[in-house]
Amino acid sequence: MTTDVTSESAAVGGPASADTDLVLETWDVTLRFGGLTSLDHVNLQMRRGEILAVIGPNGAGKTSLFNSLTGAYTPQEGKIVFRPKDGGEKSLLGSKPHIVNRLGLARTFQNIRLFSALTALENVKIAAETRLKAGPVSIMLGLPKARKAERLSDERAHRLLKFVGLEDKLNEIAGSLSYGDQRSLEIARALATDPQVLLLDEPAAGTNPTEKLELEGLIRRINTELGVSVLLIEHDMRLVMSVADRVMVLNFGKKIAEGTPSEVQQHPAVIEAYLGSSAEDAAAVQEIIAEHEHQSASDAEDGQ
Ligand SMILES: Nc1ncnc2c1ncn2[C@@H]1O[C@H](COP(=O)(O)OP(=O)(O)OP(=O)(O)O)[C@@H](O)[C@H]1O
């Protein structure tokens, strides 16, 4: 059974309430692979402008949810709706990934997918060019419209690479960059398509502590400076708890809890879900408990 720990639990699974501006919403999304139910009636409500984290033990269904939102998978049941900022709503269920991207959702992947033989700049320019109005013929003929589009995508790529901290590595081959830099490059490339929602699939995986701190700052700046809503899958609990406005927890394809980081980290169903899972997840639960104890100690001090 879903345990909602937000104060707005009545809204879960129902239609968008008039006073909540939801950018992305799912109703009862169910995805099956043969006899395995990877997502089981999942209701997601993402507010415009928020950083929403999706956590859960290995195999909980997090990537399946991302794949369903971005068109890589088509759930057998349910509804997925995106509400662009200029109004209206678009059904995403069954849409092709490039259509979903054009509508305003961009993602990164758990396993980095860059053009590893191209430079950092070229990787981002290719993504920026998907937003160009110039057609292939005008690009081939070098018509003024195409030259202008080329200049704009070049400027955009430079700006974004600076934004993610790769301005000194523009001309380095993507495959030769450090793991952390490749993750930043993937984020720049996703941002080049000008998304309203950015989906980050385990961006901290494989990064060192310094890179994690930089990533934390970057996610915040994407949210506040670029005004992009961020949906984040992450195993690193410290990062999740520090950066997310709200957290949704999946286990065995079901939503088991949802709320602010402090609400979720105190939730028995969340602790229970993580106990007995992989070593990585067991470490995560230790982080949750330690964070909670630290918070309780601070609250006690504040109360004195
Ligand atoms: N293409 C697929 N074919 C068959 N089963 C799949 C497929 N994709 C996901 N699954 C199954 O769905 C379940 C959820 O997997 P998913 O990758 O969504 O979990 P996750 O929470 O992202 O896990 P992790 O944290 O390990 O990445 C798993 O049992 C997985 O084996």
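What counts and how
- Residues numbered from 1 in each chain as written.
- Predicted model: local features only at pLDDT ≥ 70, side-chain atom pairs only at ≥ 80, totals over all residues.
- Pairing = 2+ DSSP bridges.
- Helix = DSSP H or I, 4+ residues; strand = E, 2+ residues; numbered from the N terminus.
- Contact = placed C-beta atoms within 7 Å.
- Axes fitted to C-alpha atoms, helices over the stretch in contact; angles between N-to-C directions.
- Domains from an automatic or database assignment.
- Nonpolar A, V, L, I, M, F, W, Y, C, P; charged D, E, K, R; others polar.
- Buried ≥ 20, exposed ≤ 12 C-beta atoms within 10 Å, placed from the backbone.
- Near = placed C-beta within 6 Å.

1. Overview of the sheet that holds strand β2 (residues 36-47)
Item 1. Taken together, the four strands give an open sheet; going across it, the order is β2-β1-β4-β5, and neighbouring strands pair in antiparallel fashion. On the outer flanks of this sheet lie β2 and β5 (90-91), each paired with one strand and no other.
Item 2. Pairing of strand β4 (residues 77-82) with β5 involves two bridges; the strand directions are antiparallel. Across the sheet, residue valine 81 finds its bridge partner in β5, namely serine 91.
Item 3. Lying on the sheet, helix α1 (residues 62-69) is in contact with β1 (22-33), β2 and β4; it crosses β2 at an angle near 65 degrees.

2. So, the domain arrangement of the protein
Item 1. Along its sequence, the protein is carved into domain 1 (9-104 + 196-303) and domain 2 (115-194).
Item 2. The biggest single contributor to the side of domain 1 that touches domain 2 is helix α7 (residues 209-224), with three residues.
Item 3. Its residues assigned to classes, the side of domain 1 that touches domain 2 shows three nonpolar, four polar and two charged.

3. Structural notes on the environment of glycine 253
Item 1. Along the chain, glycine 253 turns up in the loop between β9 (246-251) and β10 (254-259).
Item 2. Residue classification places glycine 253 among the buried residues on the basis of 23 C-beta atoms within 10 Å.

4. Section: the sheet that holds strand β3 (residues 51-55)
Item 1. What the six strands build is an open sheet, ordered β6-β7-β8-β3-β9-β10; its pairing is mixed. Each having just a single partner strand, β6 (105-107) and β10 make up the two edges of the open sheet. Averaged over all adjacent pairs, the angle separating strand axes in this sheet is 20 degrees, with direction ignored.
Item 2. As paired elements, strand β7 (residues 197-201) and strand β8 (residues 229-233) share five bridges and run parallel to each other. From the neighbouring strand, aspartate 201 faces β8, where its bridge partner is isoleucine 233.
Item 3. Docked against the sheet, α1 engages β3, β6, β7, β8 and β9, running at close to 150 degrees with respect to β7.

5. Points about the site of the ligand
Item 1. If you check the shell around the ligand, you find Phe33, Leu36, Ser38, Gly56, Asn58, Gly59, Ala60, Gly61, Lys62, Thr63 and Ser64 and nothing else.
Item 2. At the level of secondary structure, the elements contributing two or more residues to the shell around the ligand comprise β2 and α1.
Item 3. Per element, the largest residue contribution to the shell around the ligand is three residues, and it comes from α1.
Item 4. Here the shell around the ligand is built from residues that sort into three nonpolar, seven polar and one charged.

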